[in-house]
Amino acid sequence: MRGKLVAGNWKMNGSLESIRGLMDGIKQGIGSVQGAAVAVCPPAIYIPEVARLIEGTDIRLGGQNVCDEDEGAYTGEISASMLKEFGCAYAIVGHSERRSLYGESDALVAKRFAAARRCGLIPILCVGELLEEREQGITEQVVGRQLDAVLELEGIAAFADAVVAYEPVWAIGTGKTATPEQAQDVHAFIRAKLAAVDRGIAENLIIQYGGSVKGANAAELFSQPDIDGGLIGGASLKADEFLAICQAAG
């Protein structure tokens, strides 16, 4: 039976001082979280420090991106093996900001997904539609295309060791949130699409929701049958808010 996962994506935020304070707050309250796995994904330069700070806890660590190549002349990139060496369990791939701001294609995201798995990392594959795509009624077409890129490269078996995060792009950092029903509809579509290939893998796949999740709306979102936790942005930078979301998932 699949579990719940809440992962905090800190994006390009923080300093040594602020992340130490944030982690102090999270560690003080993490004991109240039952029934959900918790991960944090700091900026890459802070991964070693956060790895030190979470020693002896059940908090897991993840990277915000991963190179599609294993090593070589790729200035500025970070390989999956590097993330793994510093204790990462997860790597986010295909976040909407990577797709929109840095032009990452579905094919490149699929290669990053594959690179993460080669080193034993669990990829958190982000999929989702723009506002204009939702208004055009092509949400399922867009999300289906993003999933197909990974299916064509890696096959359905790869999803046995992966997480999918549905993030409606129009609800990221905007304060807007998909209604629980809107989110559930897309989560159900993702699970059904994968179930058409392998029902067992689809039923056990963790599908997170990402898009302005807060302590106030987390419980209602997470109560939906196909929503298995969240990929949390801004709210993960506040210990109390992040813990409230984690508690709602558990």
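Right above here is the structure, for reference.
Residues numbered from 1 in each chain as written. Predicted model: local features only at pLDDT ≥ 70, side-chain atom pairs only at ≥ 80, totals over all residues. Heavy atoms only, no water.

1. Description of unusual backbone geometry
Piece 1. The backbone phi angle of lysine 11 is positive, close to 55°, even though this residue is not glycine.
Piece 2. Take lysine 11: it is sitting in the loop between strand E1 (5–9) and helix H1 (16–29). (Helix = DSSP H or I, 4+ residues; strand = E, 2+ residues; numbered from the N terminus.)

2. With respect to helix H5 (residues 106–118)
Piece 1. Here H5 is 13 residues long and its end C-alpha atoms lie 19 Å apart, about the 18 Å a rise of 1.5 Å per residue gives.
Piece 2. When H5 is considered as a whole, its buried residues turn out to be Asp106, Val109, Ala110, Arg112, Phe113, Ala114, Ala115 and Ala116.
Piece 3. Looking at the buried positions of H5, the neighbouring elements they touch are helix H3 (80–85), strand E4 (90–93), helix H4 (96–101), strand E5 (122–127) and helix H7 (139–154).
Piece 4. Phi turns positive one or two residues past the end of H5, at glycine 120, with a value near 85°. (Expected span 1.5 Å × (residues − 1). Buried < 20%, exposed > 50% of the residue type's maximum accessible area, 1.4 Å probe, protein only. Contact = heavy atoms within 4.5 Å.)

3. Structural notes on the packing of H1 against helix H11 (residues 239–249)
Piece 1. Taken N-terminus to C-terminus, the directions of H1 and H11 make an angle of 35°; their axes are 9 Å apart at the nearest point. Like other packed secondary-structure pairs, H1 and H11 cross with a definite hand, here right-handed. Counting all contacts with H1, which are made through Leu22, Gly25, Ile26 and Gly29, the residues of H11 involved are Ala239, Phe242, Leu243 and Gln247.
Piece 2. When grouped by side-chain class, the residues that make up the contact of H1 with H11 number five nonpolar, three polar and no charged. (Axes fitted to C-alpha atoms, helices over the stretch in contact; angles between N-to-C directions. Left-handed = near helix turned anticlockwise from the far one by under 90°. Nonpolar A, V, L, I, M, F, W, Y, C, P; charged D, E, K, R; others polar.)

4. Section: the nonpolar core
Soluble globular proteins tend to pack their nonpolar side chains together in the buried interior.
Piece 1. Formed by 70 residues in total, the largest nonpolar core has its most connected members in Ile26, Leu125, Phe159, Ile190 and Tyr209.
Piece 2. When sequence neighbours within four positions are dropped, the list of residues in contact with phenylalanine 159 reads Leu125, Leu147, Val150, Leu151, Val164, Leu194, Ile201 and Leu205.
Piece 3. By size, the runner-up hydrophobic cluster in this structure holds 13 residues, among which are Cys41, Ile92, Ala165 and Leu231. (Core = buried A, V, L, I, M, F, W, Y, C linked by side-chain atoms within 4.5 Å.)

5. A word on helix H10 (residues 215–222)
Piece 1. Every buried residue of H10 is listed here: Asn217, Ala218, Leu221 and Phe222. Down the axis of H10, the smallest arc covering the buried residues is 125°, so these residues share one side.
Piece 2. For H10, the secondary structure elements touched by its buried residues are helix H8 (180–195), strand E7 (206–209), strand E8 (229–232) and H11. (Arc of directions from axis to C-beta.)

6. Some words on a negative patch on the surface
Piece 1. A contiguous patch of negative charge, built from Glu140, Glu181, Asp185 and Glu220, is present on the exposed surface.
Piece 2. Mapped onto the elements, aspartate 185 comes out in helix H8.
Piece 3. Judged by relative accessible area, which is 53%, aspartate 185 ranks as exposed. (Patch = residues over 30% accessible without salt bridge, like charges linked within 9 Å, V, L, I, M, F, W, Y side chains within 5 Å. Areas by Shrake-Rupley, 256 points an atom, 1.4 Å probe, with all protein chains shown as cover. Salt bridge = Lys/Arg side-chain N within 4 Å of Asp/Glu carboxyl O. Lys, Arg positive; Asp, Glu negative; His and termini not counted. Charge placed at Lys NZ, Arg CZ, Asp CG, Glu CD.)

7. Comments concerning the pairing of E8
Piece 1. Taking every second residue as pointing to the same face, both faces of E8 are buried, with Gly229 and Leu231 on one and Gly230 and Ile232 on the other.
Piece 2. Two strands pair when backbone bridges link them, and E1 and E8 are joined in this way by four bridges, in the parallel orientation. The residue bridging valine 6 from the neighbouring strand is glycine 230, located in E8. (Pairing = 2+ DSSP bridges.)

By themselves, these figures tell us nothing about what the structure is for.
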